[in-house]
Amino acid sequence: SQQGEEDPQALSIQEGENATMNCSYKTSINNLQWYRQNSGRGLVHLILIRSNEREKHSGRLRVTLDTSKKSSSLLITASRAADTASYFCATYRDTGRRALTFGSGTRLQVQP
Amino acid sequence: DTAVSQTPKYLVTQMGNDKSIKCEQNLGHDTMYWYKQDSKKFLKIMFSYNNKELIINETVPNRFSPKSPDKAHLNLHINSLELGDSAVYFCASSQEGGPGTGINTIYFGEGSWLTVV
């Protein structure tokens, strides 16, 4: 079954605006990761946040994790047209299957 | 150098044929995966190998058979292709951080676009 669900499914914003994407998951996790996929390409790792962390930053990216609500958010500040892509959250469970489980992604369109 | 490379990138074939997708990683990782991405972009794991040993085998038809000759290679062979097999297949690799630390990062190949007609 699907572990992660991203929200919204699609998001369209203007350059310079902030983009926020949310992810909810079902089981307890070891870590949660965000990936980016440009059209026609493979997924590229953006950031990892461990279950004992609440917030993490990387450049224009800010990720939060709320394990009590089983949710995470990815904020991209001052978006650029080049940020146009699909963004996926992926969870690694703290027990059981040794693999990342991905959600269905948020398709972000940044208008120049 | 490409970290995870898979071939072919595009594959168009007729129903009933058998085809293979090859994957190689030069990162020295001990775990490799095959993921399938459907037309709605949903990415689902199919198989996982750790040091040539099958770790994960999701509910995939047995027409799909992975082969890992060594830890740097994980090939995917598909028998009797069906229309529903049309998808993008991604090979990936990772290095676990040690017991209890979980997977750090997965590195993906560029995908193999399979179209069954």
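Quantities reported herein were computed from a predicted structural model and do not represent experimental measurements.

Colleague: Describe the overall build of chain B, naming the residues involved and giving the relevant values.
Modeller: When its secondary structure is counted, chain B shows 0 helices and 11 strands. Relative to the 2.2 N^0.38 estimate, which gives 13 Å for 117 residues, the radius of gyration of chain B is 14 Å and therefore close to what a compact globule would have. Here the C-alpha coordinates of chain B stretch approximately 45 × 30 × 30 Å along the principal axes. For chain B, with 117 residues in total, the buried portion stands at 45%. Contacts in chain B between residues at least 24 apart in sequence constitute 55% of all its contacts with a sequence separation of at least 6. For chain B, the computed accessible surface area is about 5,600 Å², with 50% contributed by carbon and sulfur atoms.

Colleague: Lay out the sheet that holds strand E3 (residues 19–25) of chain B with the relevant residues and their values.
Modeller: Residues and elements named next belong to chain B. If you walk across this open sheet you meet the 4 strands as E1-E3-E8-E7, and the pairing is antiparallel. The strands lining the two open edges of the sheet, one partner per strand, are strand E1 (4–7) and strand E7 (64–70). Direction aside, the axes of adjacent strands within the sheet are offset by 15° on average. Pairing analysis gives 4 bridges linking E1 to E3, with the strands arranged antiparallel. Across the sheet, Thr 7 pairs through a bridge with Lys 22, a residue of E3.

Colleague: Give a description of the pairing of strand E11 (residues 106–111) of chain A that names residues and reports values.
Modeller: Every regular strand shows the same layout, with side chains that alternate between the two sheet faces. Residue and element names in this part refer to chain A. Side chains of E11 alternate between two faces, with Thr 106, Leu 108 and Val 110 buried and Arg 107, Gln 109 and Gln 111 left unburied. For strand E2 (residues 10–14) and E11, the ladder comprises 5 bridges, and the chain directions are parallel. What sits directly across from Ser 12, in E11, is Gln 109. Pairing of strand E9 (residues 85–93) with E11, which is carried by 3 bridges, proceeds in the antiparallel orientation. Bridged to Tyr 87 within E11 is Thr 106.

Colleague: Please give an account of the sheet that holds strand E1 (residues 5–7) of chain A that cites residues and values.
Modeller: Residues and elements named next belong to chain A. With antiparallel pairing, 5 strands are arranged side by side in an open sheet as E1-E3-E8-E7-E6. Strands at the two margins of the open sheet, each flanked by one partner only, are E1 and strand E6 (55–58). Recorded for the sheet is a direction-independent mean angle of 15° between the axes of neighbouring strands. Pairing of strand E7 (residues 61–66) with strand E8 (residues 71–76), which is carried by 6 bridges, proceeds in the antiparallel orientation. Counted as the bridge partner of Arg 62 is Leu 75 from E8.

Colleague: Can you break down the pairing of E9 of chain A residue by residue, with the values?
Modeller: Residue and element names in this part refer to chain A. Most of E9 sits out of view: 8 of its 9 residues are buried. Of the strand pairs in this sheet, strand E4 (residues 29–37) and E9 are connected by 8 bridges, and their pairing is antiparallel. Counterpart to Asn 31 in the pairing with E9 is Tyr 92. Pairing of E9 with strand E10 (residues 100–102), which is carried by 3 bridges, proceeds in the antiparallel orientation.

Criteria and thresholds
Residues numbered from 1 in each chain as written. Chains lettered and ligands numbered in written order. Predicted model: local features only at pLDDT ≥ 70, side-chain atom pairs only at ≥ 80, totals over all residues. Heavy atoms only, no water. Helix = DSSP H or I, 4+ residues; strand = E, 2+ residues; numbered from the N terminus. Rg over C-alpha atoms; globule rule 2.2 N^0.38 Å. Buried < 20%, exposed > 50% of the residue type's maximum accessible area, 1.4 Å probe, protein only. Contact = heavy atoms within 4.5 Å. Areas by Shrake-Rupley, 256 points an atom, 1.4 Å probe, with all protein chains shown as cover. Pairing = 2+ DSSP bridges. Axes fitted to C-alpha atoms, helices over the stretch in contact; angles between N-to-C directions.

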